[in-house]
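Notes for the structure review
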Amino acid sequence: AATADNTKDLTVQVNKGVAWAVDKIQVEAKAIISSYKALYDAGQTLMIGGVEISKDKYGEATLVDADKTLTEQVESYGVFFVNPGVTLTYNVPSTISSRRMIVIGNNELDNTACFKLAQRFQTNQTSKPEDIDGHFIWQNVVFDASALTQACMTAYTAEQRNVIFDKCEIKLPSGKNLFEATSDGRYVKNFVIQNCKIKIEANSNMLNLGANNTSANFETMKIVNNVFYAETPLENVKLFNGQKATVASVEVSNNTFVNLQTTTSGYLHGTVSTSIVCLNNLIYSTSVGANQVVFRLINNDSANLTGACSKNIIYKDGTSNWQLFYSGKMPVAGGEQAEILKVNPFDGGTFDLSTGTFVPNATYAEYGAKFE
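Below is a summary of the structure that appears in this document. Note that the structure is predicted; figures quoted are calculated from it, not measured. (Residues numbered from 1 in each chain as written. Predicted model: local features only at pLDDT ≥ 70, side-chain atom pairs only at ≥ 80, totals over all residues. Heavy atoms only, no water.)

**A look at the overall build of the protein chain**
- For the protein chain, the count of helices and strands is 2 helices and 33 strands.
- Relative to the 2.2 N^0.38 estimate, which gives 21 Å for 372 residues, the radius of gyration of the protein chain is 22 Å and therefore close to what a compact globule would have.
- In terms of overall dimensions, the protein chain has C-alpha extents of about 70 × 60 × 40 Å along its principal axes.
- Taking all 372 residues of the protein chain together, the buried fraction comes to 49%.
- Nonlocal contacts in the protein chain, meaning residues at least 24 apart in sequence, comprise 77% of its contacts between residues at least 6 apart.
- If the 30 positive side-chain charges of the protein chain are averaged to one point and the 36 negative ones to another, these points end up 4 Å apart. (Helix = DSSP H or I, 4+ residues; strand = E, 2+ residues; numbered from the N terminus. Rg over C-alpha atoms; globule rule 2.2 N^0.38 Å. Buried < 20%, exposed > 50% of the residue type's maximum accessible area, 1.4 Å probe, protein only. Contact = heavy atoms within 4.5 Å. Lys, Arg positive; Asp, Glu negative; His and termini not counted. Charge placed at Lys NZ, Arg CZ, Asp CG, Glu CD.)

Okay, here's the thing in C-alpha cells:
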C-alpha cells in the first residue's frame, strides 16, 4: 500500500546586514483522518483517554451513515462510527442496560456527528464481565441529552471500568447530572472528560455520588482541556460530588470555567487519597455573593499528596473569596495558591457566551482550554 509523505520542505531565510543565509528544513504536516472506521478496519488501534480500541479486540464495527435508532439492549454492545451530520439515537428502555458502548465521530475535522439520548443510559458491566465490557466511550460527537428529565447516565452494578468523553460537545438536561452512581459501593475506575465543551443550564454535577456512596474504588478522575460555562451565573456546580467517597488521583488542568460557582463545597467534594494535579485553569466568576473553593477535601485538607498545583488564575467580582482549597490549605507539597486577578483576562481576547468561545488575551494565553 502507498504511504503518504507528510513531510514538507520549508525554506528559511535569515539576514544579517547584507549577508543572507538560506536553508531548507523539513516539517511534518499533521495527517487528517477522514475516516476513523477505515483505520479501525485496517487493524489500527485507536487510543481514546488511554484506552485501546481495535478491531482485534472489539470485532466488527458499525458505520452509521444515515440516522439510526437503537431500541434493544444487545444493539448497544458494539463500536459505532457516525458520519458527519448523522444522528445515532439511544432509545433502549431505561429498565435494561448496556455492557459497553463506544461511539466515534468518523471524520476528525467534522464534529457534527450526534449521539442522542432519548432514554437514560444505564451501564452494567455484568457479574462476569469480559475484558471488553465496562467501557463507555464517546469521541468527536455531539452528546445530546438535552431532552431528558433525569440524569444522562447511571451505574447499575458496582464497577464500571471507563467512562470517557473526548472532543465532544455535551448537552445536558437542565439541572440534571451527567453521570450518577448514588447507590453505595458503585464506582467508575476511570472517569475522563477531555477536550470538550459543556454548557450548563442549571445547577448540576458531572459525576454525582450523592451523600450515601462510600466507595474508595475510584482510581482516576481526569478533567483536562475543557470549557464549562453557563450563560448566567450558577451557584452550585460540581465536577465530583461525593463527600463520603474516595478517588485516588485527580487531575483538573487547562480548563476554562465561566459563570460557575460552587460555594464552599467545591468543584470537587470528597476525599483524594494519592495525587492532585491542578494546573493552568482559568476561572471567570461574576455576581459572586459567597466564598467559593475548587477542592473541598474531606479529612485530608492538610494531607501531603503528590502531584502539582500551580499557575491557576481566578477573576471575580465582589468581596467574597475564591480559593483552590477549603480554608486556604495546600495538601500538595510545593503547591501554589491561585492568583486572583484584578483585570479581566478576556479584555482584548474573545468572550462569547452564545457560542461558548472564550480566548484570553495574550497576557493570559497559557491559561484555560485550547482547541485546535
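After that view, the rundown keeps rolling.
**Regarding the layout of surface pockets**
- Estimates place the volume of the largest pocket at around 610 Å³.
- Along the wall of the largest pocket there are 18 residues; nearest its centre are Glu108, Asn111, Lys167, Phe371 and Glu372.
- Looking at the lining of the largest pocket, its residues break down into 6 nonpolar, 4 polar and 8 charged. (1 Å grid on protein atoms, 1.4 Å probe; cavity = no way out; pocket = protein on both sides within 12 Å on 5 of 7 lines; lining within 4 Å. Points joined across faces, edges and corners; volume = space filled by probe spheres on them. Nonpolar A, V, L, I, M, F, W, Y, C, P; charged D, E, K, R; others polar.)

**Some points on the pairing of strand E10 (residues 114-117)**
- Across 4 bridges, strand E8 (residues 87-90) lies against E10 in parallel orientation. When the bridges of E10 are listed, Leu88 appears paired with Phe115.
- Relative to strand E13 (residues 142-144), E10 runs parallel, the two being bridged by 3 bridges. Looking across to E13, one finds that Cys114 is bridged to Val142. (Pairing = 2+ DSSP bridges.)

**Things to note about the packing of aromatic side chains**
- Taken as a whole and assessed by the stated rule, the structure comprises 25 aromatic pairs.
- Feature note: the residues Tyr90, Phe115, Phe121, Phe136, Trp138, Phe143 and Phe165 constitute an aromatic cluster, connected by ring pairs.
- Between the NZ or CZ atom of Arg296 and the centre of the ring of Tyr326, over which it lies, the distance is 3.6 Å. (Phe/Tyr/Trp six-rings, centres within 6.5 Å; stacked < 30°, edge-to-face > 60°. Lys NZ or Arg CZ within 6 Å of the ring centre and 35° of its normal.)

**Some points on the environment of Ala248**
- Following the sequence through the fold, Ala248 ends up in strand E23 (residues 238-253).
- In this structure the C-alpha to C-alpha distance between Ala248 and Ala216, which are 32 residues apart in sequence, comes to 7.9 Å.
- If we ignore the near neighbours within four places in the chain, the residues touching Ala248 are Phe218, Glu219, Val272, Ser273, Thr274 and Ser275.

**Quick look at unusual backbone geometry**
- Unlike most non-glycine residues, Asn195 shows phi in positive territory, near 60 degrees.
- When you line up the elements, Asn195 lands in the loop between strand E18 (187-194) and strand E19 (197-199).

**Side note on the pairing of strand E12 (residues 135-139)**
- Burial analysis of E12 places 5 of its 5 residues in the buried class, which makes it a mostly covered element.
- By the alternation rule, side chains of E12 split into His135, Ile137 and Gln139 and Phe136 and Trp138, which are all buried.
- Two elements, strand E9 (residues 101-105) and E12, share 4 bridges in a ladder whose sense is parallel. Bridge pairing links Ile102 to Ile137 in E12.
- Sheet analysis places E12 next to strand E15 (residues 159-166), joined by 5 bridges and oriented parallel. Bridging from a neighbouring strand, Trp138 pairs with Phe165 of E15.

**Re the sheet that holds E10**
- With parallel pairing, 11 strands are arranged side by side in an open sheet as E6-E8-E10-E13-E16-E19-E22-E24-E26-E29-E31. With one partner strand each, in any of the chains shown, strand E6 (68-70) and strand E31 (339-341) form the two edges of the open sheet. The mean inter-strand angle of the sheet, taken between neighbouring strand axes irrespective of direction, is 15 degrees.
- In this structure, strand E24 (residues 256-260) lies alongside strand E26 (residues 282-285), joined through 3 bridges in parallel fashion. Along E26, the bridge assignment pairs Thr256 with Leu282. (Axes fitted to C-alpha atoms, helices over the stretch in contact; angles between N-to-C directions.)

**Overview of the environment of Asn344**
- In this structure, Asn344 sits in the loop between E31 and strand E32 (350-352).
- Assessed through its relative accessible area of 16%, Asn344 is described here as buried.
- For the pair formed by Asn344 and Tyr315, sequence separation is 29 residues and the distance between their alpha carbons is 6.4 Å.
- When near neighbours in sequence (up to four residues on either side) are disregarded, Asn344 contacts Tyr284, Tyr315 and Asn361.
- Looking at Asn344, its side chain comes within polar contact range of the main-chain nitrogen of Phe346, at 2.9 Å. (Polar contact = N/O pair within 3.5 Å; in protein donor to acceptor, adjacent residues only side chain to side chain.)

**Quick word on empty space enclosed by the protein**
- Applying the stated rule across the entire model yields 1 cavity of 30 Å³ or more.
- Roughly 60 Å³ of internal volume is contained in the largest cavity.
- In terms of lining, the largest cavity is formed by Val252, Phe257, Tyr267, Cys278, Asn281, Ile283, Val294, Asn312, Ile313, Ile314 and Leu324.

**Focus: the pattern of salt bridges**
- Evaluation of the coordinates by the stated rule reveals 9 salt bridges.
- Here Arg99 ties to Asp133 by a salt bridge, and the two come within 3.7 Å at their closest N and O atoms. With Arg99 in the loop between E8 and E9 and Asp133 in the loop between strand E11 (121-123) and E12, this residue pair connects regions lying 34 residues apart in the sequence.
- Given a relative accessible area of 1%, Asp133 falls into the buried group.
- Where Lys199 meets Glu231, a salt bridge forms, and the shortest distance between an N and an O atom there is 2.6 Å. (Salt bridge = Lys/Arg side-chain N within 4 Å of Asp/Glu carboxyl O.)

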